[in-house]
Amino acid sequence: MRAYTAGDTDVPLLDETIGQNFERIVAGFPFHDALIEAAPVPGADARRWSYTKLNDDVDRLARALLARGVTAGERIGIWSPNCAEWTILQYATAKIGAILVNVNPAYRSHELEFVVRQSGMRMLVAAPSDRASDYTGMARQALAECPELKELVFLPDGGQPQLQAGDPETDAEMTYAELLKRADDVGHSVLKARLAGLDPDDPINLQYTSGTTGFPKGATLTHRNILNNGYSIGELLGYTEHDRVVVPVPFYHCFGMVIGNLNALSHGAATIIPGRSFTPAAALEAVQDFGGTSLYGVPTMFIAELALPDFASYDLSTLRTGVMAGSLCPIEVMNRVITEMNMKDVAICYGMTETSPVSTMTRVGDTMQQRTETVGRTMPQLESQVVDPVTGSVLERGEIGELCTRGYAVMKGYWNQPDKTAEAIDADGWMHTGDLARMDAAGYVVIEGRIKDMVIRGGENIYPREIEEFLYTHPSIQDVQVIGVPDAKYGEELMACVILKPGAEPLDAPAVAEFCRGRLAHYKIPRYVEVRDSFPMTVSGKIRKVEMRHEAVARLGL
Ligand code: AMP
């Protein structure tokens, strides 16, 4: 049987813009909670928006942007950790047809200026500062050095309006509060006319992909791409206006702004922001304090939550579902999320920025095996296939090759990079993911790793995931990543980088080899074992294996 499946086609795609969809939901659930931001400091009040209030705030910001002369198709950047204003700007730009450019909060001046120039960004809305970053200084530098950037807007700091950026240095700079005042200069009818003139196939969002090497590329996504993807994930999770979705993952990434915001807000559900960036305690507190029914995270976030010393003291009884995505999840972690966190319907979503993002997903009612060992099956209105990475021909079920996705969710292309687009999307419209996968007889997809993470030792192809899953069963190991390092004799050798459970005995290579002996083929037993406190990660929670490999090579002098 060919490794090809098409998702269900019985429910038609939404044929509206994000603004039209939002206004329809606001009319349906005017007094329901839409957005809640947990208090930044204990004892302070949470900030809350009903659908009506959120729509009012979105419209005020949209009119202010119109007053600044922002036209449809112009690029407006957002560079901030998670906060309510992020969401408000997401919807305000969508209503006026401006293209929102998500800027990774971990970027520094060099990367910021690259994205400003590459996207032709006209306005940047930035947090003034964060624990680790002086956004104000870097934004001002970009304003001085990039002629395309005309305006800077500084958000209130951490939702506390009294803490503003320093005095504006030029007319090109204003605070968020000052920007909002401009709304008075533009009537509601102007906004309505703009909204009515937009098309679902207009680009509305640029997401620079979290590639760990080379310069980021801007995936260009339309209303149709991301609204439908968000909505369809919620349909499969059974979302209604009664759901309360706790989103500790970053908004700058599709996990936060699509699987989070667009999904929840197209169902009349509430998005709950536990904090500006992830902490395991804040995520569980938000579930407890706001009655979260759904919790999101990459696997490392769930691992950190389960490892909290006071984990058992949180009331997670309102949880029913959630999304685990972004990287492979150890089966044991998935089991604990289902049993100990009450997330009986938790789904695994698989996808990438370029596909809006989700292309396969597990379904409520799938077997435990399907929900722990696979990333589910093809989403509605999409197609998946596994091809030979060299010849491009479609493989048989069970064979490992490159996973490809086709359908409405595939991006329009990389912004102003037709050559890179042509490398990623083939002539038949298939997005090549760079992920190794196989499809089983029931059409469920198993991810075997990135093509470039595959280790070839003495001619044997080794998929690090298999060894990670095995080592995860070691009683002392809390988390593990397996990488390939250069070796004169075998080409590559395996290294296991482990984080030990608190209080566990130290581990070394002979001890790990002893644990593996007789249970893993000899060539899969790691030659090197390194104990670490943490793994280098992107803001979206992806482990930087490339960086780990460079570090290991330097340390071992290979
Ligand atoms: P991004 O564009 O940042 O969303 O990264 C996309 C990549 O994340 C994919 O190409 C996969 O390598 C990885 N990924 C996303 N979801 C999953 C998942 N559920 N299981 C394994 N890998 C995943």
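Quick caveat, the model's predicted, so the values are computed rather than measured. (Residues numbered from 1 in each chain as written. Predicted model: local features only at pLDDT ≥ 70, side-chain atom pairs only at ≥ 80, totals over all residues. Heavy atoms only, no water.)

Observations concerning the domain arrangement of the chain
When the domains of the chain are assigned, the result is domain 1 (50–199) and domain 2 (454–556). Once you take the C-alpha centre of each, domain 1 and domain 2 turn out to be 43 Å apart. (Domains from an automatic or database assignment.)

Quick word on the sheet that holds strand 25 (residues 477–487)
Spatially, three strands are ordered 25-26-27 in an open sheet, and the strand pairing comes out mixed. Each edge of the sheet is formed by a strand with only one pairing partner; in this case those strands are strand 25 and strand 27 (528–531). Strand-to-strand twist across the sheet, computed as the mean angle between neighbouring axes with direction ignored, equals 25 degrees. Relative to strand 27, strand 26 (residues 491–500) runs parallel, the two sharing four bridges. Residue pairing in the sheet places valine 498 in a bridge with valine 531 of strand 27. Along the sheet, helix 17 (residues 545–556) contacts strand 25, strand 26 and strand 27; its crossing angle with strand 25, the most-contacted strand, is approximately 65 degrees. (Pairing = 2+ DSSP bridges. Helix = DSSP H or I, 4+ residues; strand = E, 2+ residues; numbered from the N terminus. Axes fitted to C-alpha atoms, helices over the stretch in contact; angles between N-to-C directions. Contact = heavy atoms within 4.5 Å.)

So, the sheet that holds strand 16 (residues 358–361)
Ordered in space as 3-2-12-11-13-14-15-16-17, the nine strands form an open sheet in which the pairing is mixed. In this open sheet, the two strands that pair with only one neighbour each are strand 3 (47–50) and strand 17 (377–378). Sheet analysis places strand 2 (residues 33–37) next to strand 12 (residues 270–273), joined by three bridges and oriented parallel. The residue bridging leucine 35 from the neighbouring strand is threonine 271, located in strand 12. Running at roughly 30 degrees to strand 3, helix 3 (residues 84–96) makes contact with strand 2, strand 3 and strand 12 of the sheet. Its contacts with the sheet place helix 10 (residues 280–290) against strand 2, strand 3, strand 11 (244–246), strand 12 and strand 13 (294–297), and it is angled at close to 165 degrees to strand 11.

Description of the site of the ligand
Around the ligand, the surrounding shell holds 15 residues, and the nearest of these are His253, Cys349, Thr353, Asp435 and Arg450. Between a nitrogen atom of the ligand and a main-chain N or O atom of cysteine 349, the distance comes to 2.8 Å. Contacts to the ligand include arginine 450, whose side-chain N or O atom sits 2.9 Å from an oxygen atom. For the ligand, whose unbound accessible area comes to 500 Å², protein coverage reaches 91%. No other element matches strand 15 (residues 347–351), which puts four residues into the shell around the ligand. Split by residue class, the shell around the ligand holds six nonpolar, six polar and three charged. (Near = heavy atom within 4 Å. Polar contact = N/O pair within 3.5 Å; in protein donor to acceptor, adjacent residues only side chain to side chain. Areas by Shrake-Rupley, 256 points an atom, 1.4 Å probe, with all protein chains shown as cover. Nonpolar A, V, L, I, M, F, W, Y, C, P; charged D, E, K, R; others polar.)

Examining the pairing of strand 13
Of the two faces of strand 13, the one carrying Ser294 and Tyr296 and the one carrying Leu295 and Gly297 are both buried. Both strand 11 and strand 13 contribute to a ladder of two bridges, which runs parallel. Within strand 13, the residue paired with valine 246 across the bridge is leucine 295. As defined by bridge partners, strand 13 adjoins strand 14 (residues 321–325) across four bridges and the pair is classed as parallel. Within the sheet, the bridge partner assigned to tyrosine 296 lies in strand 14 and is valine 323. Between strand 13 and its parallel partner strand 14, the chain crosses via helix 11 (residues 299–306), and the hand of that crossover is right-handed. (Buried < 20%, exposed > 50% of the residue type's maximum accessible area, 1.4 Å probe, protein only. Right-handed = clockwise from strand over helix to strand, strands pointing away.)

Overview of the side chain of arginine 224
Mapped onto the fold, arginine 224 is located in helix 8 (residues 223–237). Residue classification places arginine 224 among the buried positions, given a relative accessible area of 19%. Looking at arginine 224, its side chain comes within polar contact range of the side chain of aspartate 201, at 2.8 Å. Discounting chain neighbours no more than four positions away, the residues touching arginine 224 are Leu14, Asp15, Pro200, Asp201 and Tyr408.

Let's talk about helix 11
Burial within helix 11 is extensive, with seven of its eight residues counted as buried. Regarding helix 11, the residues found buried are Pro299, Thr300, Met301, Phe302, Ile303, Glu305 and Leu306.

Regarding the pattern of salt bridges
Applying the stated criterion to the full structure yields 32 salt bridges. The closest approach of N and O atoms between arginine 47 and glutamate 85, which form a salt bridge, is 2.9 Å. Here glutamate 85 lies in helix 3 and arginine 47 lies in strand 3, a separation of 38 residues in the sequence. Within this structure, Arg68, Glu74, Arg122 and Glu151 form a network of salt bridges that share partners. (Salt bridge = Lys/Arg side-chain N within 4 Å of Asp/Glu carboxyl O.)

Some words on the packing of helix 1 (residues 18–28) against helix 3
Interaxial distance between helix 1 and helix 3 falls to 7 Å at its minimum, and their mutual angle equals 115 degrees. The residues of helix 3 that touch helix 1, namely those facing Ile18, Gly19, Phe22 and Glu23, are Tyr91, Ala94 and Lys95. Residue composition of the contact of helix 1 with helix 3, by class: four nonpolar, one polar and two charged.

Things to note about the nonpolar core
In this structure, Leu54, Leu65 and Tyr296 are the most contacted members of the largest nonpolar core, which totals 83 residues. Listed in part, the 60 residues of the second largest apolar core include Ala38, Leu403, Val482 and Ala513. (Core = buried A, V, L, I, M, F, W, Y, C linked by side-chain atoms within 4.5 Å.)

Overview of the packing of aromatic side chains
In total, this model carries seven aromatic pairs according to the counting rule given. Relative to tyrosine 51, the ring of phenylalanine 22 has its centre 6.2 Å away and its plane inclined at 40 degrees; by these criteria the two rings are tilted. With phenylalanine 22 in helix 1 and tyrosine 51 in helix 2 (residues 51–67), this residue pair connects regions lying 29 residues apart in the sequence. Assessed through its relative accessible area of 1%, phenylalanine 22 is described here as buried. Take tyrosine 51: its relative accessible area is 0%, and that puts it in the buried class. A centroid spacing of 5.7 Å and a plane angle of 45 degrees characterise the contact between tryptophan 86 and phenylalanine 251, whose relative ring orientation is tilted. Here the residue tryptophan 86 occupies a position in helix 3, and phenylalanine 251 occupies one in the loop between strand 11 and helix 9 (254–265), the gap between them amounting to 165 residues. This pair shows no difference in class: tryptophan 86 is buried, exactly as phenylalanine 251 is. Pairwise contacts between aromatic rings join Phe22, Tyr51 and Tyr91 into one cluster. Against the face of tyrosine 414 rests lysine 217, its NZ or CZ located 5.2 Å from the ring centre. Here the basic side chain of arginine 519 rests over the ring of phenylalanine 515, its NZ or CZ set 4.9 Å away from the ring centre. (Phe/Tyr/Trp six-rings, centres within 6.5 Å; stacked < 30°, edge-to-face > 60°. Lys NZ or Arg CZ within 6 Å of the ring centre and 35° of its normal.)

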